Amino acid sequence: MSRSELTRSVATAFALLVFGVAVVGSGVGLARADDFHIDSDTAFQAYEVRSPGTAVFMARRRLLQTLALTWSRPVAEPAVGDEPTPRVAASLRLRLDQDFGQTCLIDRDYCARATESGARGSYQPLASDTDVDAPEAWVELRGLPAAGRLRLGRHLSFGPAGMLRLDGASGHVAPSAWLSFQAFGGAVVRQTSLAGGVGTFEPQGIVRRDLDDGVSPERVPWIDEPTTTWAAGGTVSLGHARYLQARVGYRHILEDAGNVAATGALTLTSNPVPAFSVTARGVWDFIGAGVQDAQAEVTVAPHETLSFRARAEHHVPRFDYGSIWMYFDLVPITEGLLSATFHPTRRFEVGVGARARYASLGAQGEEQDVGFEGHGLFRALGFDVALSGSTWGGDLGPVASVLVDIQRPIVWWARLDARASVWHFDDPLREGLYGTSVAEALGVIFTLSEPTTLRLDFEHSYNRVAGNRFRFIAHLSVDVWR
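Residues numbered from 1 in each chain as written. Predicted model: local features only at pLDDT ≥ 70, side-chain atom pairs only at ≥ 80, totals over all residues. Heavy atoms only, no water.

Enquirer: Where do I start with the overall build of the protein chain in this structure?
Expert: Looking only at helices and strands, one finds one helix and 23 strands in the protein chain. Sequence-distant contacts, at least 24 apart, represent 47% of the contacts inside the protein chain between residues at least 6 apart. Just so you have it, the protein chain exposes about 27500 Å², and 62% of that area is on carbon and sulfur atoms. (Helix = DSSP H or I, 4+ residues; strand = E, 2+ residues; numbered from the N terminus. Contact = heavy atoms within 4.5 Å. Areas by Shrake-Rupley, 256 points an atom, 1.4 Å probe, with all protein chains shown as cover.)

Enquirer: Is there a simple way to explain the pairing of strand β17 (residues 366-380) in this structure?
Expert: A regular strand places its side chains so that they alternate between the two faces of the sheet. By the bridge criterion, twelve bridges tie strand β16 (residues 348-360) to β17 in an arrangement that is antiparallel. Bridge pairing in β17 places Val350 opposite Gly376. Counted between consecutive antiparallel strands, the loop separating β16 from β17 contains five residues, among which Gly362 sits at a positive phi close to 65°. The antiparallel hairpin formed by β17 and strand β18 (residues 383-394) contains two residues in its connecting segment, where Leu381 sits at a positive phi of about 55°. (Pairing = 2+ DSSP bridges.)

Enquirer: Help me out: how do you make sense of the nonpolar core in this one?
Expert: Grouped burial of nonpolar side chains is what soluble globular proteins tend to show. Leu164, Leu166, Phe184, Val188, Ala231, Ile253 and Val260 form the largest nonpolar core, which has seven residues in total. Those elements that place two or more of their residues in this core are β7 (162-176) and β8 (179-188). With residues near it in sequence (within four places) discarded, Ile253 still touches Leu164, Thr229, Trp230, Ala231, Asn259, Val260 and Ala261. (Core = buried A, V, L, I, M, F, W, Y, C linked by side-chain atoms within 4.5 Å. Buried < 20%, exposed > 50% of the residue type's maximum accessible area, 1.4 Å probe, protein only.)

Enquirer: Teacher, can you tell me more about a nonpolar patch on the surface here?
Expert: On the surface, Trp178, Tyr243, Leu244, Val248, Leu266 and Leu268 cluster together into a nonpolar patch covering about 600 Å² of accessible area. Those elements giving two or more residues to the nonpolar patch turn out to be β10 (244-255) and β11 (258-273). Looking at the element boundaries, Leu268 is found in strand β11. Judged by its relative accessible area of 34%, Leu268 falls in the partly exposed class. (Patch = residues over 30% accessible without salt bridge, like charges linked within 9 Å, V, L, I, M, F, W, Y side chains within 5 Å. Salt bridge = Lys/Arg side-chain N within 4 Å of Asp/Glu carboxyl O.)

Enquirer: Looking at this structure, I do not really get the side chain of Arg190. What am I missing?
Expert: With respect to the helices and strands, the residue Arg190 is situated in the loop between β8 and β9 (230-240). Look at Arg190 and you get buried, because its relative accessible area is 1%. For Arg190, the side chain forms a polar contact with the side chain of Thr229, separated by 2.8 Å. Sequence-distant contacts of Arg190, defined by excluding residues within four places in its chain, comprise Gly196, Gly199, Glu202, Pro203, Ile206, Arg208, Thr227, Thr229 and Glu255. (Polar contact = N/O pair within 3.5 Å; in protein donor to acceptor, adjacent residues only side chain to side chain.)

Enquirer: What exactly am I supposed to notice about unusual backbone geometry here?
Expert: You will see that Ala146, though not glycine, has its phi angle at about 60°, which is positive. Within the secondary structure, Ala146 is located in the loop between β5 (130-144) and β6 (148-159). At Ala289, a position not held by glycine, the phi torsion is positive, near 55°. Structurally, the position occupied by Ala289 is in the loop between β12 (276-285) and β13 (290-303). Among the residues examined, Ala289 registers a relative accessible area of 56% and is labelled exposed.

So, in structure tokens, the structure goes:
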């Protein structure tokens with residue numbers, strides 16, 4: 001199926017969902033046994049960008065529309081006692097991302113579109129003006145014995161090793177409060193999948209795309225043909241989170257060419273008393289034979305208004321094992337955080353923290369950085385104020401920031417949101433990349449009805465490298481339960 005045929009197919013499904021939502025919305029009061037959730041988000045933004053390295057000016061208009069319908073109903077009489085009532089549920093979410101605009105040269109009258117395959121000088125095979133996809137489309141049976149749940153279709157699977165969007169099945173069962181099992185399997189949703197849209201969670205590294213009409217593979221030899229990526233795994237949980245709970249998981253991803261990833265994960269949590277909790281997790285890469293991610297965190301709250309937190313984490317980047325990136329040395333990064341938060345009232349909070357970062361560059365040496373941060377939340381003269389700031393120093397160069405967010409109701413149906421930030425940066429690796437970046441934004445949130453809100457934002461930013469940049473955003477949200 002070509003890209004144009006796919007777009008038409010999903011656009012038709014989008015129109016059918018709009019029609020279905022209208023029909024359901026007109027009769028929700030008659031279906032007492034059924035539950036409906038309808039949500040719609042429409043965001044329009046207009047912005048311009050001038051590239052500091054070239055005489056290129058980009059003017060863009062972008063429309064992002066998301067429409068979803070979730071439905072559920074009981075399939076049996078109400079259960080006796082604490083047993084849940086079995087229910088069947090279904091959800092369909094469609095998304096349209098449409099980009100308008102051109103890329104022009106400042107010093108002469110010339111504009112081009114990156115999606116025009118006939119223009120050899122400006123054509124970009126990875127560019128797309130229109131993306132229509134289905135982030136989720138599933139049917140679920142829940143409330144089964146032993147807290148069982150079975151879901152079929154397109155949905156997210158997530159765990160310590162990351163998130164995957166799958167076209168497949170997942171299930172959960174908990175025969176007791178101390179024991180539960182989860183399993184999943186299916187095809188990973190890629191950008192080239194049917195109604196895949198964007199490949200947010202597909203394996204990184206190898207670029208796989210359907211080429212536009214008239215574009216030969218010899219013209220873009222760095223793009224591979226689409227493939228099907230399969231994933232399967234599961235998790236076993238044992239214990240109680242208040243005392244000690246352990247979760248052991250495994251995930252395997254493979255393609256026709258071979259294994260893509262195989263990871264195991266272990267998570268330990270304990271919260272024996274409200275004033276103390278500890279969490280530790282680790283992800284092991286079986287193919288690379290090494291730790292991929294590790295994190296440990298301890299929280300101590302000697303008083304209900306005061307808490308302390310210590311966290312350490314280690315990350316090793318991983319890519320598709322057929323990717324060229326696997327030929328380069330990986331750079332493990334270790335970070336640490338110590339922080340304290342004081343919140344004597346619901347509307348007042350202050351916090352401070354210290355961070356450290358260490359990166360091993362192998363034969364090229366190592367990098368070390370130290371940073372400090374702070375934040376405050378309070379109300380003054382009817383304004384809700386949020387302040388935060390941070391400063392870093394070390395091998396990555398000095399970086400400092402201050403951010404402020406102020407909100408205040410104007411009338412019962414309108415609320416003001418003003419934001420500003422100042423960043424100072426000096427990149428030691430790229431000469432000339434230094435300066436102070438200032439940004440400010442003014443927004444108004446209108447409550448049009450109980451389920452409907454409209455937000456308008458105007459943003460501006462400036463620094464010596466990129467100059468002035470502007471953006472306008474309009475966001476309409478509708479969220480209805482019946």
